[in-house]
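One letter stands for each residue in the lines below.
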Amino acid sequence: MALSEEDDWGTAMTLHFATIWETVADHAPGREAVVCDGQTRLWGDYEDRAARLATLFAEAGLKTDSKVGIYLHNSIEYLESQFAAFKIGGCPINVNYRYKADELVYLLDNSDAEAVVFQGSYAMRIWEIRERLPKIKLFVQVDDGSAETLLDFAVPYESLQRSAPLPRQVQRDDGVYMLYTGGTTGMPKGVMYPTSGFSAGMLGIAAAGHGLEPPSDIDGVRRFLEQIEHTPRSLPACPMMHGTGMWLGCMVPHAQGGTVIATSQLGLDPHRLWQLVQTQSATEMVIVGDAFARPLLQALGEAKSAGEPYTPAALAQIVSSGVMWSAETKAGLLEHLDVALIDIMGSSEGGMGMSVTSREAKAGTARFELNEGVKVFTEDDREVAPGSGEMGMIGTTGLVPIGYYKDERKSAATFREINGVRYSFPGDFATVEADGSITLLGRGSVCINTAGEKVFPEEVEEALKRHDDVTDALVVGQPDERFGERIVAVVAGRDGATAADGETLMAFAREQLAGYKAPRQVIFVPQVRRAPNGKADYKWARSVAEEHAGG
């Protein structure tokens, strides 16, 4: 329902992304909300345009709980579309722009999407699959200069300007927010959270950064915003379509009235990112582990060698989540930058822990302090004792997802109770050190079983990348008559060179790891393939290993 002037826009209002961001827009309408590709959207305009787009959704028949697919690159339109979906009490659906026809149909059908906002450059793909999407009531095409014509069944994005803003809604406290995650195996799954609880969680992270108590209602949000002296200017270097880029790079900054700095350019261009950090006075950058940090470090070195070093004076922290961020790469960044390096261990299914590295405080690779309530359990649900050396699976508490959308079997396996406490088990294995911190081993779904020993690819990859001539590596298991599985490394050398030969690299790995963990075969490739968010593409690595079987 719409709010009238008599309605109380205060403590009765549910904490919800829509109401939080509307409150920010009222508090600071002239502050920058989003900056992208030379365009700027102030908070007042940002909220107004989202409200007009929400009207388009409502007129097409979308309502509370309706799903809106967002098939876009990082952009102002991405964030406006998400805001508009929240305004109608709906749920934005993140669409991987690398998906082909069948993957897109699966995702949009599985999520029950009723509208799709899509990039003009993907117009032909939408045209190709339109007849296979009977649930879609509205197609909205964003003009990115790539498409010659508007699809005849689509509405131009900028037609939102002709709509009146949708009146603000009283948001329900039982709505569901979803993020689709591809994981390392299987089809993408929609991880469901209660929207109000997840919104409060993002507010909590924002408040912690200022040493403030998290607001519990909209009046509290107003007071919270008034206490913030310096709002963040965040640059998500990774895609908004993934959790790290959206949650840490956009939602948390927005919850405190901050600015999101973006580029729609695809591919990792580290010099472009440093230029944006510098020219836009970014206070934080969000990345995904070494896949981003190594190229960024190399760019810093290149600029310094050229006599034109980057001087990101405003940058206070670099935040990473989702992929291994090595101690060596962190140390290299700190030689150039006096910033905090915040390494968050988490996944779409829950947060687990974090470590902070600075010039004053060093941290090792994959060592984390656990979040409150997070524990490590053995296969028979025993809690792993600190210092025991026993391996277990990490279980997170707190804001545990409702489950996977339309997948009760996987939900029951991932989200379950132990001793009356509900935990999320995303699939990460770890050991618990004597001091209570943990050492992350990796995902069980890609664990290699060789001669009865479990080997986590991430540990082997990290060892290989310590070699000066290795720029990236993925490790997979391949069938072996003697060992069950043998370890195969797919490796990219610096500047595309094969550099160290396979025998030398395997010997290097054996110097750092137990012998059974060292690769038994090394395959050199010009470039290791990863997803846009930097996560490993193990399916591709396995196909490369299979092509070179016996090599």
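The model shown is predicted, which means the values in this text are computed figures rather than measured ones.

S.K.: I would appreciate a short explanation of the sheet that holds strand β5 (residues 113-119) in the present structure.
M.R.: Each strand in a sheet pairs with another by means of backbone hydrogen bonds, the pair being arranged parallel or else antiparallel. With respect to topology, five strands assemble into an open sheet ordered β4-β3-β5-β6-β7, the strand pairing being parallel. Because the sheet does not close on itself, it has two edges, and the strands there are β4 (91-94) and β7 (155-156). As defined by bridge partners, strand β3 (residues 67-71) adjoins β5 across five bridges and the pair is classed as parallel. What sits directly across from Ile 70, in β5, is Val 117. Lying on the sheet, helix α3 (residues 76-87) is in contact with β3, β4, β5 and β6 (138-142); it crosses β4 at an angle near 145°.

S.K.: Mind showing me how you'd approach the sheet that holds strand β28 (residues 521-525) here?
M.R.: On the basis of which strands lie adjacent, the open sheet formed by three strands has the order β26-β27-β28 and mixed pairing. A single partner strand is all that each edge strand has here, and the edge strands are β26 (470-480) and β28. In this sheet, neighbouring strand axes are inclined to one another by 25° on average, regardless of whether the strands run parallel or antiparallel. Two elements, strand β27 (residues 484-493) and β28, share five bridges in a ladder whose sense is parallel.

S.K.: Before we go on, may I ask you to explain unusual backbone geometry in this structure?
M.R.: Trans peptide bonds make up most of the peptide bonds, and negative phi angles are found at most residues other than glycine. With a phi close to 50°, Asp 37 is a non-glycine residue in the positive phi region. Tracing the backbone shows Asp 37 in the loop between β1 (32-36) and β2 (39-42). Owing to a relative accessible area of 42%, Asp 37 belongs among the partly exposed residues under this scheme. The residue Asp 381 is not glycine, and still its phi comes out positive at about 65°.

S.K.: Which parts of the structure should I look at to understand the pairing of β6?
M.R.: Each regular strand carries side chains that alternate between the two faces of the sheet. In terms of residue burial, β6 counts as a mostly covered element, since five of its five residues are buried. On β6, burial covers both faces: Leu 138, Val 140 and Val 142 on one face and Phe 139 and Gln 141 on the other are all buried. Between the parallel elements β5 and β6, the chain passes through helix α5 (residues 123-129) in a crossover that is right-handed. Relative to β7, β6 runs parallel, the two being bridged by two bridges. Of the residues in β7, the one forming a bridge with Val 140 is Val 155.

S.K.: Explain the nonpolar core here, please?
M.R.: Considering soluble globular proteins, one finds that nonpolar side chains tend to be buried as a cluster. Formed by 92 residues in total, the largest nonpolar core has its most connected members in Phe 57, Tyr 71, Phe 118, Phe 139, Trp 247 and Met 251. Residues within four places of Met 251 in sequence aside, it is in contact with Phe 17, Trp 21, Gln 82, Phe 86, Tyr 177, Phe 198, Met 202 and Met 246. Judged by nonpolar contacts, the second largest core, of 33 residues, contains Ile 287, Phe 292, Leu 296 and Trp 325.

S.K.: What exactly am I supposed to notice about the pattern of salt bridges here?
M.R.: If the charged atoms of two oppositely charged side chains come close together, the side chains can form a pair. If you walk through the whole model with that rule in mind, you get 28 salt bridges. One salt-bridge network, held together by shared partners, links Glu 22, Asp 26, Glu 47, Lys 87 and Arg 168.

S.K.: Could you clarify how one ought to interpret the environment of Leu 235 in this entry?
M.R.: Assignment of secondary structure puts Leu 235 in strand β10 (residues 233-236). Its relative accessible area of 0% is what places Leu 235 among the buried residues. For Leu 235, the contacting residues outside a window of four places in its chain are Ile 261, Ala 262, Leu 273, Leu 276, Val 277, Ala 282, Glu 284, Met 285 and Val 286.

Rules used throughout
- Residues numbered from 1 in each chain as written.
- Predicted model: local features only at pLDDT ≥ 70, side-chain atom pairs only at ≥ 80, totals over all residues.
- Heavy atoms only, no water.
- Pairing = 2+ DSSP bridges.
- Helix = DSSP H or I, 4+ residues; strand = E, 2+ residues; numbered from the N terminus.
- Contact = heavy atoms within 4.5 Å.
- Axes fitted to C-alpha atoms, helices over the stretch in contact; angles between N-to-C directions.
- Buried < 20%, exposed > 50% of the residue type's maximum accessible area, 1.4 Å probe, protein only.
- Right-handed = clockwise from strand over helix to strand, strands pointing away.
- Core = buried A, V, L, I, M, F, W, Y, C linked by side-chain atoms within 4.5 Å.
- Salt bridge = Lys/Arg side-chain N within 4 Å of Asp/Glu carboxyl O.

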